[in-house]
Amino acid sequence: MPDLCGIELAHPVINASGTFDAIAARRTYGDALLEDFPFSAFVSKTITPEPRGGNEPQRIWETPAGMINSIGLPNKGLEGFLAEDLPQLAELPVPLVVSVMATDRELFARLASGVAEREEVAAIELNVSCPNVHSGLIVGEQPSETAALLEALRPLAPKPLIVKLTPNVANPAEVAVAAEEGGADAVSLINTVKGSAIDPATGEPGIAAGHGGLSGPAVRPIAVAQVRAVAAAVSIPIVGMGGICDGAGALEMLAAGAKLVAVGTESFRDPGAGKRVASELADLLESGRGGTAIGRSA
Amino acid sequence: MDRHPLPRPGAARPPFNRRLCEVSESRASGGYRVFSLVDREGPEPRAGQFYMLATERHWEQGGGRPFLPRALSVAECGPAASGVRLDFLIEGIGPGTDRLCELQPGERVWVNGPLGNSFSTPRELHRISSPAGGEHDAARPSGAILVGGGIGIAPLALLRRRFAERNVPTRVLLGFRDEAHSGGLDDLFACCEVRLASDDGHRGHHGYVTELLAAMLAGDDAGSAAVYACGPPPMLDAVGALCTAAGIPSELALESPMACGYGACFGCAVPKPGGGYLRLCVDGPVLRPDQIATAAHA
């Protein structure tokens with residue numbers, strides 16, 4: 001049975017943060033969602049210290065075999081999340097991972113300890129694709145910033161810490177090593193790839209913010225290369241994601257060195273994609289077509 | 001005709017799966033196309049609801065687009081030999097809608113839905129709009145005025161039939177650009193009296209459909225009516241402003257780019273009057289003017 005930092009999971013497929021709102025999905029589909037929950041663990045949307053409304057439209061743009069988004073992390077803030085969302089997420093039939101982001105170490109610490117003390121929370125994912133307001137640098141692009149953040153948070157959070165790595169760096173393995181040295185229990189990658197697309201009707205970027213994050217099958221080879229590079233550099237487990245839309249894509253990510261995989265954009269096209277990918281992956285592994293990945297996913 | 005008892009509209013949630021539905025019919029209609037699917041699993045949709053659709057074959061075709069499913073309001077529905085027949089009105093304006101226009105009987109389409117909220121009855125809308133309730137005479141049947149523009153006439157066809165079944169007096173105003181953009185008129189509104197407007201004046205009033213609405217609202221009998229509109233954004237802005245000025249409650253069916261249709265992607269943001277955003281897929285697509293920030297609020 002696969003596990004995430006010691007948390008036993010029914011299968012190796014979880015969701016990518018921000019690509020599945022279990023509360024809205026339950027409103028739409030009812031308790032059928034719980035009976036047939038698509039993921040073996042649920043990762044929340046990213047929570048920030050204060051509420052955020054998100055970015056002005058247009059927020060999404062379809063691209064070849066993918067899409068660009070610039071959503072802007074709309075969320076209720078820590079207090080709203082703990083009071084309103086957490087009780088509902090606690091009803092899901094799988095372990096809960098809460099994704100958090102802040103613009104300095106003190107705020108990050110407040111988030112991590114506020115979330116970690118709740119027994120409903122199994123693990124914390126650190127979204128480090130944001131600038132530190134003091135240095136102006138994107139934390140996840142700097143090995144030293146990443147290590148310092150982990151060192152600050154590690155004593156505050158007696159729960160597994162997963163660092164979500166950005167692909168928008170020359171050497172993601174350096175950042176992964178810094179996270180491991182700082183005390184991270186796992187890394188997850190890749191976040192979206194910075195991209196833009198021009199609306200042919202206007203000659204301007206299709207996304208109001210001018211650019212956003214590219215996801216979908218278009219980014220999968222980038223994810224596979226980065227997972228391979230990180231797997232060669234760290235010994236902590238890797239949650240691999242980026243354009244996985246079927247069992248073969250999940251198997252490829254396991255073969256690249258991931259221990260678990262996450263499905264993101266494919267859930268937009270198919271709400272039950274997580275379950276389908278897990279089932280296709282199990283069939284591939286059982287049929288022996290899994291090759292060397294069989295050993296790594298066990 | 002074999003009339004199966006249909007599930008009561010709105011009584012059931014959409015199945016938590018993406019399913020393949022066969023195309024039973026596809027035909028040209030005034031510059032657009034109308035196609036029908038047979039849904040063996042889902043409940044009968046309510047007027048205003050929509051489906052996320054992607055063809056089974058040749059969706060990610062040359063150039064990797066279309067990639068995401070497309071949101072289409074259901075225009076009509078009825079019993080099929082085994083399930084529910086769903087009719088959609090479509091105009092080819094990009095890779096996704098172009099591909100859906102090519103559908104032939106026997107092909108299959110991935111379907112997720114019915115999704116979103118639906119139109120209220122005039123009585124419900126009067127109750128929502130003036131909660132104190134004093135002014136509206138509950139014994140007097142409230143009439144409905146349906147205002148459609150272009151491809152936006154689609155969800156009003158099912159709404160008109162629902163109102164006819166409930167003996168709600170209904171007047172229909174439809175506007176379109178020209179003959180080539182008059183699809184659905186004869187297919188969806190053949191059996192009822194409709195007042196038409198066309199930009200080029202070749203049929204009905206020479207001008208905008210909102211001019212017909214303004215004249216109707218100025219009439220003596222509009223006071224107890226409720227207005228329902230779907231069409232291009234400037235038309236909806238105008239309808240909302242006219243109704244708000246006249247003190248007539250209204251509901252507008254909006255459109256937005258949408259990746260998922262069930263609250264996961266946060267792409268379909270619609271600004272609220274007090275700041276922040278609604279998600280059109282789960283908070284709409286049917287909204288009242290007072291729920292939306294427009295130039296009139298600024």
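Here the structure is a predicted model, which means the values were calculated and not measured.

Of the regular secondary structure elements, chain B holds 7 helices and 16 strands. Counting the 298 residues in chain B, one finds 50% classified as buried. A separation threshold of at least 6 residues defines the contact pool for chain B, and within that pool the share at least 24 residues apart is 66%.

Looking now at the overall build of chain A. Secondary structure assignment for chain A yields 11 helices and 16 strands. If one aligns the C-alpha atoms of chain A with their principal axes, the spans along those axes are about 55 × 50 × 45 Å. Out of the 298 residues in chain A, the part that is buried amounts to 56%. Once local pairs closer than 6 in sequence are excluded, the contacts in chain A between residues at least 24 apart make up 71%.

In terms of nonpolar packing, the biggest core is built from 177 residues, with Ile124(A), Ile162(A), Val187(A) and Val239(B) touching the most fellow members. When neighbours within four sequence positions are excluded, Ile162(A) is seen to be in contact with Val97(A), Ala123(A), Ile124(A), Glu125(A), Leu126(A), Ala184(A), Asp185(A), Ala186(A), Val187(A), Ser188(A) and Val239(A).

Turning our attention to the interface of chain B and chain A. Counting residues at the interface gives 31 residues for chain B and 34 residues for chain A. Partitioning the side of chain B that touches chain A into residue classes produces 19 nonpolar, 8 polar and 4 charged.

Next up on the list: the domain arrangement of chain B. Residue and element names in this part refer to chain B. Here chain B is described as being made up of domain 1 (19-115), domain 2 (122-252) and domain 3 (254-298). The straight-line distance from the C-alpha centre of domain 1 to that of domain 3 is 23 Å. In this assembly, 8 residues from domain 1 lie in contact with 7 residues from domain 3. Where the side of domain 1 that touches domain 3 is concerned, the elements lending two or more residues are strand S3 (50-55) and strand S7 (108-115). At 3 residues, S7 tops the list of elements feeding residues into the side of domain 1 that touches domain 3.

Where the model shows low pLDDT, its predicted coordinates should not be examined in detail. When pLDDT is averaged along chain A, the result is 94; 97% of the residues meet or exceed 70. In this model, residues 293-298 of chain A is a region of pLDDT below 50 whose contacts with residues beyond four sequence positions or in other chains number 10 contacts.

As a further point, take the packing of helix H4 (residues 105-116) of chain A against helix H5 (residues 143-153) of chain A. Residue and element names in this part refer to chain A. Contact pair H4 / H5: the axes reach a minimum separation of 10 Å and the direction vectors enclose 45°. Relative to H5, H4 is oriented oblique. Here the hand of the crossing between H4 and H5 comes out right-handed. For the pair formed by H4 and H5, the contact residues are Arg105, Phe108, Ala109 and Ala112 on the first element and Leu149, Ala152 and Leu153 on the second. Partitioning the contact of H4 with H5 into residue classes produces 6 nonpolar, no polar and 1 charged.

This part takes up the sheet that holds strand S7 (residues 96-100) of chain A. Residue and element names in this part refer to chain A. Taken in spatial order, the 8 strands make up an open sheet running S3-S16-S15-S10-S9-S8-S7-S4, and their pairing is parallel. Each of the sheet's edge strands pairs with one partner strand only, and the pair in question is strand S3 (13-15) and strand S4 (42-43). Bridge count between strand S8 (residues 121-127) and strand S9 (residues 161-164): 4 bridges; the pairing is parallel. Looking across to S9, one finds that isoleucine 124 is bridged to leucine 161.

Moving on, we come to the environment of Arg65(B). Along the chain, Arg65(B) falls in the loop between S3 and strand S4 (70-73). Ignoring any residue separated from it by four or fewer positions in sequence, one finds Arg65(B) in contact with Glu62(A), Pro64(A) and Pro95(B).

With that out of the way, let us pick up helix H6 (residues 172-182) of chain A. All names here are of chain A. Restricting attention to buried positions, one finds in H6 the residues Pro172, Val175, Ala176, Ala178, Ala179, Glu180 and Gly182. Contact partners of the buried residues in H6: H5, S9, strand S10 (186-189) and helix H7 (220-231). Of the residues flanking the end of H6, it is glycine 183, one or two places downstream, whose phi is positive at about 115°.

Backbone-to-backbone hydrogen bonds join strands into a sheet, with any given pair of strands oriented parallel or antiparallel. All names here are of chain B. On the basis of which strands lie adjacent, the open sheet formed by 7 strands has the order S4-S3-S7-S1-S2-S6-S5 and antiparallel pairing. The open sheet terminates on both sides in strands that have one partner only, identified here as S4 and strand S5 (76-80). On average, each strand axis in the sheet is tilted by 35° relative to the strand beside it, whichever way the strands run. When strand S1 (residues 19-29) meets S7, the two strands line up antiparallel, connected through 4 bridges. Considered in S7, the bridge of cysteine 21 is made with valine 109. Each of S4, S5 and strand S6 (83-90) is contacted by helix H3 (residues 154-165), which is oriented at about 60° to S5, the strand it contacts most.

It is worth spelling out the environment of Val121(A) at this point. Residue and element names in this part refer to chain A. Relative to the elements of secondary structure, valine 121 occurs in strand S8. The buried category is assigned to valine 121, around which 21 C-beta atoms lie within 10 Å. With 18 residues separating them along the chain, valine 121 and threonine 103 place their C-alpha atoms 22 Å apart. Discounting chain neighbours no more than four positions away, the residues touching valine 121 are Leu96, Val98, Val115, Ala116 and Lys159.

This part takes up unusual backbone geometry. Residue Pro57(A) is joined to Gln58(A) through a cis peptide bond whose omega torsion reads 10°. Gly284(B) connects to Pro285(B) through a cis peptide bond whose omega is 10°. Considering the arrangement of structural elements, one finds Pro285(B) in the loop between helix H7 (280-283) and strand S16 (286-287). The phi torsion at Asn167(B) lies on the positive side, around 60°, for a residue other than glycine.

If you want to describe how two helices pack, look at the angle between their axes and the distance between the axes. All names here are of chain A. With their axes 7 Å apart at the nearest point, helix H8 (residues 247-256) and helix H10 (residues 273-286) run at an angle of 65° to one another. For the element pair H8 / H10, the angle class is roughly perpendicular. By crossing handedness, the relation of H8 to H10 is classed as right-handed. For the pair H8 and H10, contact is made by Gly247, Ala248, Ala250 and Leu251 and by Val277, Glu280, Leu281, Asp283 and Leu284, respectively. The residue inventory of the contact of H8 with H10, partitioned by class, reads 6 nonpolar, 1 polar and 2 charged.

The rules behind the values
- Residues numbered from 1 in each chain as written.
- Chains lettered and ligands numbered in written order.
- Predicted model: local features only at pLDDT ≥ 70, side-chain atom pairs only at ≥ 80, totals over all residues.
- Helix = DSSP H or I, 4+ residues; strand = E, 2+ residues; numbered from the N terminus.
- Buried ≥ 20, exposed ≤ 12 C-beta atoms within 10 Å, placed from the backbone.
- Contact = placed C-beta atoms within 7 Å.
- Core = buried A, V, L, I, M, F, W, Y, C linked by C-beta atoms within 7 Å.
- Nonpolar A, V, L, I, M, F, W, Y, C, P; charged D, E, K, R; others polar.
- Domains from an automatic or database assignment.
- pLDDT = per-residue confidence, 0-100.
- Axes fitted to C-alpha atoms, helices over the stretch in contact; angles between N-to-C directions.
- Parallel < 35°, antiparallel > 145°, perpendicular 65-115°, else oblique.
- Left-handed = near helix turned anticlockwise from the far one by under 90°.
- Pairing = 2+ DSSP bridges.

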